[in-house]
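A closer look at the structure
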Amino acid sequence: MSIKSDSWIRRMALGQGMIEPFESSQVRDPHGNGERVISYGLSSYGYDVRCAREFKIFTNVNSATVDPKNFDPDSFVDFSGDSCVIPPNSFALASTVEYFRIPRSVLTICLGKSTYARCGIIVNVTPLEPEWEGHVTLEFSNTTSLPAKIYANEGVAQMLFFEADEVCETSYKDRGGKYQGQQGVTLPKA
């Protein structure tokens, strides 16, 4: 198994539609006016994704039990904006701007960006399995005792692509995975 380079990611994004929309280099000043953002786009051995403008902020006003088999959507407050403030010791869900189509021989791992990690904001995403496609649902945990801010349309996490020595027998698509083709923020499904 090997990690894939920027040239491979570029070829797959432009030739196979693996990442859409795709930025072929690191973007730090998208408008060219000196107003810097948290970087996104292609890096040496990965791709830095952006967070979309729609958020679901966790709240416990209903005193519900968090149950992955029977999740109460009323546990979230919907919010749309250029940034999102996550309450102390809470979390929010969002999705990537980018839509992914993972090749059958590839497993994709997501890691948070250091800018957020150094602020106590942890990004959690499960692996993108072979032949999975969709917008990635991102979970941002605010581990601090203070409110924390996430910026939409800026870099939040890096995707790393690993190609297997042998193609898997059964892909996510073959299994009919329940999150296949998801659009926007997707809540837990039993």
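Residues numbered from 1 in each chain as written. Predicted model: local features only at pLDDT ≥ 70, side-chain atom pairs only at ≥ 80, totals over all residues. Heavy atoms only, no water.

Describing the overall build of the chain
Along the chain, the regular secondary structure elements total three helices and 13 strands. For the chain, the spread of C-alpha atoms along the three principal axes comes to 50 × 45 × 25 Å. Looking at the 190 residues of the chain, the share that counts as buried comes to 44%. A sequence separation of at least 24 residues applies to 74% of the contacts in the chain between residues at least 6 apart. Of the accessible surface of the chain, which amounts to about 9900 Å², a share of 49% is contributed by carbon and sulfur atoms. Side chains of the chain give 18 positive and 23 negative charges; the mean places of these two sets differ by 2 Å. (Helix = DSSP H or I, 4+ residues; strand = E, 2+ residues; numbered from the N terminus. Buried < 20%, exposed > 50% of the residue type's maximum accessible area, 1.4 Å probe, protein only. Contact = heavy atoms within 4.5 Å. Areas by Shrake-Rupley, 256 points an atom, 1.4 Å probe, with all protein chains shown as cover. Lys, Arg positive; Asp, Glu negative; His and termini not counted. Charge placed at Lys NZ, Arg CZ, Asp CG, Glu CD.)

Quick word on the packing of aromatic side chains
Using the criterion set out here, one finds six aromatic pairs in the structure. Plain terms: the ring middles of Phe22 and Tyr47 are 5.4 Å apart, the flat faces sit at 20° to each other, and that makes the pair stacked. Remark: Tyr47 occurs in strand β4 (residues 46-50) and Phe22 occurs in the loop between β2 (19-20) and β3 (41-43); sequence separation between them is 25 residues. Seen in terms of ring centroids, Phe58 and Phe76 are 6.1 Å apart; in terms of plane orientation they differ by 75°. Their pairing is edge-to-face. (Phe/Tyr/Trp six-rings, centres within 6.5 Å; stacked < 30°, edge-to-face > 60°.)

Some points on the side chain of Lys4
If you trace the backbone, Lys4 turns up in the loop between β1 (2-3) and α1 (6-16). Overall, Lys4 belongs to the buried group, its relative accessible area being 13%. Residue contacts for Lys4: discarding those within four places in its chain leaves Ile9, Tyr45, Phe161 and Glu163.

Description of the layout of surface pockets
Taken as a whole, the largest pocket encloses approximately 560 Å³ of empty space. Contributing to the lining of the largest pocket are 23 residues, with Thr126, Thr137, Tyr179, Gln182 and Thr186 lying nearest its centre. Looking at the lining of the largest pocket, the elements that each hand over two or more residues are β8 (91-101) and β11 (133-142). Element by element, the count of residues in the lining of the largest pocket is highest for β11, at five residues. Of the residues belonging to the lining of the largest pocket, the class tally is 15 nonpolar, six polar and two charged. Roughly 210 Å³ of volume is contained in the second largest pocket. Around the second largest pocket, the lining residues are Pro30, His31, Glu35, Arg36, Val37, Tyr40, Arg50, Asp82, Ala152, Asn153 and Glu154. Its residues placed into classes, the lining of the second largest pocket shows four nonpolar, two polar and five charged. (1 Å grid on protein atoms, 1.4 Å probe; cavity = no way out; pocket = protein on both sides within 12 Å on 5 of 7 lines; lining within 4 Å. Points joined across faces, edges and corners; volume = space filled by probe spheres on them. Nonpolar A, V, L, I, M, F, W, Y, C, P; charged D, E, K, R; others polar.)

Comments concerning the nonpolar core
One finds Ile19, Phe100, Phe140, Ile150, Val156 and Phe161 to be the most contacted residues of the largest nonpolar core, which totals 39 residues. Those residues within four positions of Ile150 in sequence are excluded, and the remaining contacts are Cys51, Phe55, Asp82, Ser83, Cys84, Ile86, Tyr116, Ile121, Phe140 and Val156. Listed in part, the five residues of the second largest apolar core include Phe58, Phe71, Leu93 and Val185. (Core = buried A, V, L, I, M, F, W, Y, C linked by side-chain atoms within 4.5 Å.)

So, unusual backbone geometry
Here the residue pair Glu20 and Pro21 is connected by a cis peptide bond, since its omega of -10° sits within 30 degrees of zero. You can see Pro21 is positioned in the loop between β2 and β3. The backbone of Glu131 shows a phi angle near 65°, a positive value even though the residue is not glycine. Assignment of secondary structure puts Glu131 in the loop between β10 (121-124) and β11.

Here we look at the environment of Gln158
For Gln158, the location among the structural elements is in strand β13 (residues 155-163). Exposure remark for Gln158: the relative accessible area of 23% places this residue in the partly exposed category. Excluding anything up to four places from it in sequence, Gln158 contacts Ser43, Gly46, Tyr47, Asp48, Ile109, Cys110, Leu111 and Lys113. Looking at Gln158, its side chain comes within polar contact range of the side chain of Asp48, at 2.8 Å. (Polar contact = N/O pair within 3.5 Å; in protein donor to acceptor, adjacent residues only side chain to side chain.)

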